[in-house]
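# Architecture and fold: a report
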Amino acid sequence: MNIHSNSEKILVASTDVLHALENKTPLVALESTVITHGMPFPQNLEMAVELEEILINSGVTPAFIAIIDGVMRVGLSRDEIRMLSTAAGVMKAGTREIATAIHLGRSAGTTVSATIRIASFMEIKIFATGGIGGVHRDYLQSMDVSSDLTELANSKMIVVCSGAKSILDIPKTFEVLESLSVPVVVFGSDQIPGFYLRETQIKSPLRLDNVDDIVRIYQIRKQLWLNGSILVLNPINKECELHDFDVDEIVESSLDAAFSAGIYGQDMTPFILDNIVKVTNGESLRANLELIKNNVRLSASIAQYLA
Ligand code: PSU
Ligand code: MN
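Below: a short report on this structure.

Calculation notes
- Residues numbered from 1 in each chain as written.
- Chains lettered and ligands numbered in written order.
- Predicted model: local features only at pLDDT ≥ 70, side-chain atom pairs only at ≥ 80, totals over all residues.
- Heavy atoms only, no water.
- Patch = residues over 30% accessible without salt bridge, like charges linked within 9 Å, V, L, I, M, F, W, Y side chains within 5 Å.
- Areas by Shrake-Rupley, 256 points an atom, 1.4 Å probe, with all protein chains shown as cover.
- Salt bridge = Lys/Arg side-chain N within 4 Å of Asp/Glu carboxyl O.
- Buried < 20%, exposed > 50% of the residue type's maximum accessible area, 1.4 Å probe, protein only.
- Helix = DSSP H or I, 4+ residues; strand = E, 2+ residues; numbered from the N terminus.
- Polar contact = N/O pair within 3.5 Å; in protein donor to acceptor, adjacent residues only side chain to side chain.
- Contact = heavy atoms within 4.5 Å.
- Core = buried A, V, L, I, M, F, W, Y, C linked by side-chain atoms within 4.5 Å.
- Pairing = 2+ DSSP bridges.
- Near = heavy atom within 4 Å.
- 1 Å grid on protein atoms, 1.4 Å probe; cavity = no way out; pocket = protein on both sides within 12 Å on 5 of 7 lines; lining within 4 Å.
- Sits in = over half its atoms within 2 Å of the grid points.
- Nonpolar A, V, L, I, M, F, W, Y, C, P; charged D, E, K, R; others polar.

## Remarks on a nonpolar patch on the surface
Taken together, the side chains of Ile220, Leu224 and Leu226 define a hydrophobic patch exposed on the protein surface, amounting to about 250 Å² of accessible area. For Leu224, a relative accessible area of 55% puts it in the exposed group.

## Regarding the side chain of Ser155
Position of Ser155 among the secondary structure elements: in the loop between helix 8 (147-154) and strand 8 (158-161). A distance of 3.4 Å separates the side chain of Ser155 from the backbone oxygen of Leu152, its partner in a polar contact. Among the polar contacts made by the side chain of Ser155, one reaches the side chain of Ser229 at a distance of 2.7 Å. In this view, Ser155 contacts Ile116, Ser120, Asn227, Gly228 and Ser229; residues no more than four positions away in its chain are not counted.

## Focus on the nonpolar core
Formed by 105 residues in total, the largest nonpolar core has its most connected members in Val74, Leu231 and Ile302. Of all the elements, helix 13 (residues 283-306) adds the most residues to this core, at 11 residues. Non-local contacts of Leu231, meaning those with residues more than four positions away in its chain, are made with Ile132, Leu152, Val159, Cys161, Phe174, Leu177, Val182, Pro183, Val184 and Val185.

## Observations concerning the pairing of strand 11 (residues 230-233)
Along any regular strand the residues' side chains alternate between the sheet's two faces. Neither face of strand 11 is open: one carries Ile230 and Val232, the other Leu231 and Leu233, and all of them are buried. Sheet topology places strand 8 next to strand 11; 4 bridges connect them, and they run parallel. Bridged to Ile158 within strand 11 is Ile230. Of the pairings in the sheet, the one linking strand 9 (residues 184-187) to strand 11 comprises 3 bridges and is parallel in character. Bridge assignment links Val185 to a residue of strand 11, and that residue is Val232.

## So, the site of ligand 1
Contacts to ligand 1 come from 16 residues, most closely from Glu31, Lys92, Val112, Ser146 and Asp148. With respect to ligand 1, the side chain of Lys92 contributes an N or O atom lying 2.7 Å from an oxygen atom. One of the side-chain N or O atoms of Asn288 is found 3.5 Å from an oxygen atom in ligand 1. Summarising the interface, the protein chains cover 94% of the accessible area of ligand 1, which totals 470 Å² for the free molecule. Assessed atom by atom at 2 Å from the grid points, ligand 1 resides in the second largest pocket. Residue assignment for the shell around ligand 1 shows that the elements contributing at least two residues are helix 2 (33-38) and helix 12 (268-279). In terms of residue class, the shell around ligand 1 is built from 4 nonpolar, 8 polar and 4 charged.

Spelled out as structure tokens, the structure:
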């Protein structure tokens, strides 16, 4: 795809991002739904700035991805990040909403799926976030499965996160990822992490302890033209886990609250995340912040190997 820095065009990258891509210096993509719908203000803004600082201090170019006034943007200014963190009426865009947002001239936070897709237009190799969407707990009734899984199967990146959000059916999510042939790697642990918790009962399909092994597998897959991003799960640090709370119980009561409030579809994830923050007196927000920073640190070292 042609990249233009012309406002008439639908995809615009910042000069820093273009520079990094042209010169093949390390760069990491970041999603913006976590800013617009994943965390409250001002923690969302503080988080976004901190993530950028972590990358910049490691010599890595940050590339927040969003849609602003109908233009797909790769690499945002601080003012744009601030706008997304406070503005009302910002859409949540998965891959299927990209064209709609462009057509309507709207601004949108891009979810994992839309971020992967836009990053792939630019041939960006690595993306870091907190948690991915997946199979919802009431799947048999609602058939709610995040398009993040579809997009992971259709792309060829390295995606670093701390697992599927605890609000999901984690075993079913990893079953679907296996069906979609998405390779799952757990960094430094034998168990699949549970987002707010370091471990679940599910055994990791592959444990790797070194960044260069992840990059080597990425290169082999590339050589073979294999479809599917490598999903790297980076378990939350022990001291940041939500151990004082019964996460499962909180999720179940949040789901009940969502059903009573008539929440479904796209609004489900933001509603439940918000409810968990309230019930845990902000502890879940702190955990979320710590794990996402840690994921960005890991992605920075992978990006340095990739460059
Ligand atoms: N995990 C978080 N916070 C978030 C999300 C995930 O801790 O805000 C967002 C991501 O952008 C993810 C999206 O792609 O939720 C999934 O939404 P859905 O379940 O509607 O597909
Ligand atoms: Mn959904």
